[in-house]
Amino acid sequence: MDMKRVKDYLYWLYYQYQLITCSYVLEPWEQSMFHTITVTVFAMVVYTAYVFVPIHIRLAFEFFSQIFGGQPESTV
């Protein structure tokens, strides 16, 4: 893919982000604070999903397997 097209596409995505969040009306220091908070919250959501979602999926699978007649695990 052409690098200019990739660069233009990334600029377009950033422009869309600014339009959706209305951050283009903020002053530069306000924009940096807003972007920092947004990235921090997004990173926390991704980390939480990475850590806790697999645990909940496993527990749900165990719960539903017991309800629908799955083999109980042997206790050793």
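The following paragraphs examine the structure supplied in this document.

Rules and cut-offs
- Along each chain, residues carry numbers from 1 onward, in the same order as the chain's sequence is written.
- Given that this is a predicted model, residues contribute local features only at a pLDDT of at least 70 and side-chain atom pairs are listed and counted only at 80 or more, while totals for whole chains, interfaces and linings are drawn from all residues.
- With hydrogens and water set aside, each side-chain value is computed from the structure's full complement of heavy atoms.
- Aromatic contacts are taken between Phe, Tyr and Trp rings whose centres are within 6.5 Å, Trp giving its six-membered ring; a plane angle under 30 degrees counts as stacked, one over 60 as edge-to-face, and the others as tilted.
- Segments assigned H or I by DSSP are reported as helices when at least four residues long, segments assigned E as strands when at least two residues long, and all are numbered from the N terminus.
- Whether a residue is buried, partly exposed or exposed follows from its accessible area with a 1.4 Å probe, protein chains only, as a fraction of its type maximum: under 20%, in between, or over 50%, in that order.
- Exposure above 30% relative accessible area and the lack of any salt bridge qualify a residue for a patch; like charges then connect within 9 Å, and the nonpolar side chains Val, Leu, Ile, Met, Phe, Trp and Tyr within 5 Å.
- Calculation of accessible area relied on Shrake-Rupley with a 1.4 Å probe; when residues are assessed, cover is drawn exclusively from the protein chains displayed.
- Criterion for a salt bridge: a side-chain nitrogen of Lys or Arg within 4 Å of a carboxyl oxygen of Asp or Glu.

As for the packing of aromatic side chains
So, point 1. Across all of its chains, the model carries four aromatic pairs by this definition.
So, point 2. Centre to centre, the rings of Tyr14 and Tyr17 are 6.2 Å apart; their planes meet at 35°, and the pair counts as tilted. Of this pair, Tyr14 and Tyr17 are both found in helix H1 (residues 3-21), three residues apart, which corresponds to roughly one turn of the helix.
So, point 3. Tyr14 gets classed as partly exposed once you look at its relative accessible area, which sits at 39%.

Examining a nonpolar patch on the surface
So, point 1. A surface patch of nonpolar side chains, about 640 Å² in accessible area, is lined by Trp29, Met33, Ile37, Val41, Met44 and Val45.
So, point 2. Relative to the assigned elements, Trp29 resides in helix H2 (residues 28-67).
So, point 3. A residue is classified by how much of its surface remains accessible, and Trp29, at 55% relative accessible area, is exposed.

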